[in-house]
Amino acid sequence: MGTAATHEGPLALTSRAPRVPADQLVAEMVPPPRFGLVSFDNYLPDPNQPSQAEAVRVLRAFAAGLGEGAGGSSDGRRRWFRKARPAAAGAPRGVYLDGGYGVGKTHLLASLWHATPAPAERKAFGTFVELTNLVGALGFQETVRTLSGHRLLCIDEFELDDPGDTVLVSSLLTRLVEAGVALAATSNTLPGKLGEGRFAAADFLREIQGLSAHFRPLRIDGEDYRHRGLPSAPPPYSDATVTEVAQRTRGASLDDFGALLGHLATVHPSRYGAMTDGLHAVCLTGVTPVPDQATALRLVVLADRLYDREVPVLASGVPFDQLFSEEMLEGGYRKKYFRAISRLTALARDAKGLLEA
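Since this is a predicted model, take the numbers as computed values, not measurements. (Residues numbered from 1 in each chain as written. Predicted model: local features only at pLDDT ≥ 70, side-chain atom pairs only at ≥ 80, totals over all residues. Heavy atoms only, no water.)

Moving on, we get to the side chain of H107. Of note, H107 is situated in helix 3 (residues 105–115). Residue H107 is classed as buried on the basis of its relative accessible area of 15%. (Helix = DSSP H or I, 4+ residues; strand = E, 2+ residues; numbered from the N terminus. Buried < 20%, exposed > 50% of the residue type's maximum accessible area, 1.4 Å probe, protein only.)

Turning next to helix 9 (residues 257–264). Every buried residue of helix 9 is accounted for by F257, L260, L261, H263 and L264. In a view along the axis of helix 9, the buried residues occupy a sector of 160°, so they form one face of it. The distance from a side-chain oxygen at the start of helix 9 to the backbone nitrogen of G258 is 3.1 Å, and the residue carrying that oxygen is D256. (Arc of directions from axis to C-beta. Polar contact = N/O pair within 3.5 Å; in protein donor to acceptor, adjacent residues only side chain to side chain.)

Quick look at the sheet that holds strand 8 (residues 313–317) now. Taken in spatial order, the 3 strands line up as 6-7-8 in an open sheet, and their pairing is parallel. Every interior strand has two partners, whereas the edge strands, strand 6 (252–256) and strand 8, have only one. Within the sheet, the average angular offset between the axes of one strand and its neighbour, ignoring direction, is 10°. Pairing between strand 6 and strand 7 (residues 281–287): 5 bridges, direction parallel. Opposite L254, over in strand 7, you have C283 as the bridge partner. Against the sheet, helix 8 (residues 239–248) contacts strand 6, strand 7 and strand 8, and its axis sits at roughly 160° relative to strand 7. (Pairing = 2+ DSSP bridges. Axes fitted to C-alpha atoms, helices over the stretch in contact; angles between N-to-C directions. Contact = heavy atoms within 4.5 Å.)

Between helix 11 (residues 293–308) and helix 13 (residues 334–350), the least distance of the axes is 9 Å, while the angle of their chain directions is 45°. One way to sum up the angle between helix 11 and helix 13 is to call them oblique. Crossing geometry of helix 11 relative to helix 13 is assigned as left-handed. Two secondary-structure elements touch here, helix 11 through Q293, A296, L297, V300, A303, D304, L306, Y307 and D308 and helix 13 through K336, Y337, R339, A340, R343, L344, A346 and L347. When grouped by side-chain class, the residues that make up the contact of helix 11 with helix 13 number 11 nonpolar, 1 polar and 5 charged. (Parallel < 35°, antiparallel > 145°, perpendicular 65-115°, else oblique. Left-handed = near helix turned anticlockwise from the far one by under 90°. Nonpolar A, V, L, I, M, F, W, Y, C, P; charged D, E, K, R; others polar.)

Structural data, given as structure tokens:
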């Protein structure tokens, strides 16, 4: 983090409304910086959990089966599902990583993306929310057309808590499978199963019934690697402290929280990532509980993009665990809200370094 002051002062997220071309939206579907350098080699299987080493073995073979000669044709359309190489015999046509919190599913999914021997522009990586946002930005048919030339689509956190979006994405994936695109996914829990500590492959496959034959579930057992006694999140700071830090931190933004929530409603969520590009810190004054579910869901997407980019967040007002009402935390989107709280808390912890710089 740079700390030299600039005469321009802090940036403002509320002044940013990027217009990202459709081809750029797709080109940016790559593993986020947090997982930019992961690989199968630096995933360390727990010797007491043989399923972890088995998952690495299967995914390595899956990636190898997607190389050149795995079913390409002169017109650029992939036929891997229809014409598997003999070397790839027995490899899954699609994989679903089924495991509890913190066993490294996203690490493995990103490692698969990196290991697949294809140009970056012919493989895509994104969360379920990013994929639905892409459809919203491009339209269904254009999304099908754009992704059909890909060799691999990785979907992290396939969300089973929104029946409408699940049907939409299942329809999209059916069309992509027909075009020869290989699939890999992880999934979150159904609302009624929050807290069980694992994801159920049967739930995932049932929700995408038309595609279930294309997926091989890979069970990944293990303890949550994040249970390491991390310190509690720092309490919110004063408005004066947040403002002072923003003014002396190069690449920091400074926004009133309420104004930022209003601004998010004017920017398509698919562009929130571009809105945060180049930021070294986000400073927020006057954090209050979000007023409604639509606003809350937009904030969840922003939290995900900041977390992906490892941008620390310094804030005044209420603590982040008070952002969402009890009704929200007990409703169908509670998994998203708990994830946002966890991620914003982690970024608030990272922001402590800004005070010491």
